[in-house]
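One letter stands for each residue in the lines below.
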Amino acid sequence: MNDGGAKSETLLQVTEIDGRGRSLVAAQPLRAGQVILRESPLLLYSAIPFLSSPPSHYCDHCFRLLSQSSHRCQSCSLVSFCSPNCLSFHTPWLCESLRRLHQSSSAAAFAEQSPERQVQARFLLSAYNLSATSPPDFQILLSLQGGGENGDSNSAFLHSLLSAVCPPLPVPISPELTAALLEKDKVNGFGLMEPFNSVTSEERSVRAYGIYPKTSFMNHDCLPNACRFDYVDSCGGGSDGGGNNTDIIIRMIHDVPLGREVCLSYFPVNMNYSSRQKRLLEDYGFRCECDRCKVEANWSEDENEDMEEMDGGEEDDQEEEEEMEEEEEGEGCGDGVDDDSSFPHAYFFARYMCEKENCFGTLAPLPPKGHDVSRFLECNVCGSVKEDEVGGNP
């Protein structure tokens, strides 16, 4: 794993918060636009179903788009890579497991399984491969919090399938281990997304999933104070060209004081109350009780539907900006506006939500240079950069 900029240990502290579990809080005052964490994945695996047709057009290691000069594995002939360097990460154990799986008598039954279950098999193979290539990292994976029951039928089927075809490993493949790993994946996986397409209103699809242990400690808030960026198709790992292209970069949306919890939103911030609660309960096993949700729980259905149609707001509300500055004495993750307001997050939407059609990304200032906070905001979905017209940064 790899962090860029200041060491995350000096910026963030892991602590237990009642009702929220392990959390990351600011170990010092954090500034708008500051990169507080750059992390390389513990493991990566394709989001393309195993037996998809046509095959994936991404490198199976770095997940950049493949060119015509791609390098196909000559042993299993099932995966391709963008360079000899990426091919070198394709281990003999994983290669043989893929070959056996595709040639096994269970392949037909596997082909009938849902795309989700086929992708889960990819995760398990990557996790088992990690146990052989890096036992310490495998122990980190096992130490992550799980998501409760992942489904006995999924776990039992995948264990039966993979244990029958995979070569021996230092760690025996047991039903209990398979179930435990699937629980880790359910709540700790981050998707590396396809580029934003302004022509279609469809959700961006996921090209790969990764496990980022430190980032996974960040809890959800419906008005986050930080957001994640990834630059999968870049030469390096970010707008500065440093790091790896599969790194996740966490950048502050606005200033937060020492001791404040640092939170991400697990999905676009424009989702309405009922949609957010449904997704959090189904995917992560909890109901959100943040300040925003407490307000929107009392809204009518029409008001909640209006929320999803918002594209960033139009008003520059000076009073709400002052309230946000006063919020630094509070304890929430959000933007600190008054809980009693009928629309407490208008300021957040006006300043930090991308206005590009069908984007719904979150804006964060570019990393500060010296003591000056940048006047330019970058969208974490479409990548557009705009001048901060709402804020009054010098």
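Analysis parameters
Position numbers for residues start from 1 in each chain and track the written sequence from start to end. Confidence filtering applies because this is a predicted model: local features only for residues at pLDDT of at least 70, side-chain atom pairs given and counted only at 80 or more, and all residues used for totals across whole chains, interfaces and linings. Note: side-chain values were computed over all heavy atoms of the structure, leaving out hydrogens and water. Here a helix means four or more residues in a row that DSSP labels H or I, a strand means two or more in a row labelled E, and each is numbered from the N terminus. Only heavy atoms matter for contacts: two residues are in contact if any of them lie within 4.5 Å across the pair. The Shrake-Rupley method, run with a 1.4 Å probe sphere, supplies the accessible areas, and residue values consider only the shown protein chains as cover. The span one expects for a helix is its residue count, reduced by one, times 1.5 Å. Here the term buried applies to any residue with accessible area under 20% of the maximum for its type, exposed to any over 50%, and partly exposed to those in between, with areas from a 1.4 Å probe on protein chains only. It is the directions from the helix axis to the C-beta atoms that the arc portrays. Any N or O atom pair separated by 3.5 Å or less is treated as a polar contact, with the protein-specific requirement of one donor-capable and one acceptor-capable atom, and with residues adjacent in sequence counted only for side-chain atom pairs. Residues enter a nonpolar core if they are buried and are Ala, Val, Leu, Ile, Met, Phe, Trp, Tyr or Cys, with the set joined through side-chain atoms within 4.5 Å. Strand pairing requires that DSSP identify at least two bridges connecting the strands. Angles shown run from 0 to 180 degrees and are taken between the N-to-C directions of axes, each axis being a line fitted to C-alpha atoms and, for helices, limited to the stretch in contact. Roughly parallel here means an angle under 35 degrees, roughly antiparallel means over 145, roughly perpendicular means 65 to 115, and every remaining angle is called oblique. In this count, Pro and Cys sit with the nonpolar residues alongside Ala, Val, Leu, Ile, Met, Phe, Trp and Tyr, while Asp, Glu, Lys and Arg are called charged and the others, Gly among them, polar. Working definition: rings of Phe, Tyr and Trp (its six-membered ring) pair if their centres are within 6.5 Å, and the pair is stacked with planes under 30 degrees apart, edge-to-face with planes over 60 apart, and tilted otherwise. Whether a charge sits over a ring depends on NZ of Lys or CZ of Arg being within 6 Å of the ring centre and within 35 degrees of the ring normal.

J.: Account for the overall build of the protein, naming residues and giving values.
T.: The secondary structure content of the protein amounts to 13 helices and 13 strands. Of the contacts made within the protein by residues no fewer than 6 positions apart, 67% connect residues no fewer than 24 positions apart. Accessible surface, the protein: about 18,600 Å² in total, of which carbon and sulfur atoms supply 48%.

J.: Please give an account of helix H8 (residues 175-188) that cites residues and values.
T.: Between its first and last C-alpha atoms H8 spans 20 Å; for 14 residues at 1.5 Å apiece the expected length is 20 Å, and the two agree. Taken together, the buried positions of H8 are occupied by Leu177, Thr178, Leu181, Leu182, Lys184, Asp185 and Asn188. One face of H8 carries all of its buried residues, which in axial projection span an arc of 160°.

J.: Account for the environment of glycine 361, naming residues and giving values.
T.: As for its position among the elements, glycine 361 is in the loop between helix H13 (346-352) and strand E11 (363-365). Along the chain, glycine 361 and cysteine 382 lie 21 residues apart, while their C-alpha atoms are 7.1 Å from each other. Setting aside anything within four residues of it in sequence, one finds glycine 361 in contact with Tyr352, Met353, Cys354, Cys379, Asn380 and Val381.

J.: Lay out the environment of arginine 251 with the relevant residues and their values.
T.: Relative to the helices and strands, arginine 251 is located in strand E10 (residues 248-252). Sequence separation between arginine 251 and proline 367 is 116 residues; the distance between their C-alpha atoms is 7.8 Å. In terms of polar contacts, arginine 251 uses its side chain to reach the side chain of glutamate 378, at 2.9 Å.

J.: Explain the nonpolar core residue by residue, including any values.
T.: Grouped together as the largest cluster of nonpolar side chains are 63 residues, with contacts concentrated most on Ile36 and Leu141. In terms of residues, this core owes the most to one element, helix H5 (residues 115-133), which gives eight residues. Ranked by size, the runner-up nonpolar core spans 14 residues in total, among them Cys227, Phe229, Val269 and Val390.

J.: An account of the sheet that holds strand E4 (residues 43-46) is requested, with residue identities and associated values reported.
T.: As summarised here, the arrangement of the three strands in space is E4-E8-E7, forming an open sheet in which the pairing is antiparallel. Two strands lie at the open edges of the sheet, namely E4 and strand E7 (189-193), each paired on one side alone. Taken pair by pair, the neighbouring strands of this sheet meet at an average axis angle of 30°, ignoring direction. Examined bridge by bridge, E7 and strand E8 (residues 206-211) share five bridges and lie antiparallel to one another.

J.: Can you explain the packing of helix H6 (residues 135-143) against H8? Please cite residues and give values.
T.: Between H6 and H8, the least distance of the axes is 9 Å, while the angle of their chain directions is 75°. Judged by the angle between their axes, H6 and H8 are roughly perpendicular. Across from Phe138, Leu141 and Leu142 in H6, the residues of H8 making contact are Leu177, Leu181 and Lys184. Here the residues of the contact of H6 with H8 sort into five nonpolar, no polar and one charged.

J.: Explain the packing of aromatic side chains to me, using residue names and the numbers behind them.
T.: Considering all chains together, one arrives at eight aromatic pairs under this definition. Ring centres of tyrosine 266 and tyrosine 284 lie 4.7 Å apart, and the angle between their planes is 45°; this geometry places the pair in the tilted category. One end of the pair, tyrosine 266, is in the loop between E10 and helix H9 (273-284); the other, tyrosine 284, is in helix H9, with 18 residues separating them in the sequence. Here the aromatic residues Tyr45, Phe123 and Tyr209 are joined through ring pairs into a cluster of three or more. One residue, arginine 122, lies across the ring of phenylalanine 50, its end atom 4.5 Å from the ring centre. Seen from the ring of phenylalanine 229, arginine 251 lies directly overhead, with NZ or CZ sitting 4.0 Å from the centre.

J.: Give a detailed account of the pairing of E4, specifying residues and quantitative values.
T.: Going residue by residue along E4, you find Leu43 and Tyr45 tucked away on one face and Leu44 and Ser46 tucked away on the opposite face as well. As paired strands, E4 and E8 are joined by four bridges and run antiparallel to one another. Paired with leucine 43 across the two strands is isoleucine 211, which belongs to E8.

J.: Describe the sheet that holds strand E3 (residues 35-39), listing the residues and the values that go with them.
T.: Strand order in the open sheet made by the three strands is E3-E10-E9, with antiparallel pairing throughout. Either end of the sheet is taken by a strand with one partner, and the two such strands are E3 and strand E9 (226-230). Direction aside, neighbouring strands of the sheet carry axes that sit 20° apart on average. Bridge analysis of E3 against E10 gives four bridges, and the strand direction is antiparallel. Paired with valine 35 across the strands is arginine 251, a residue of E10.

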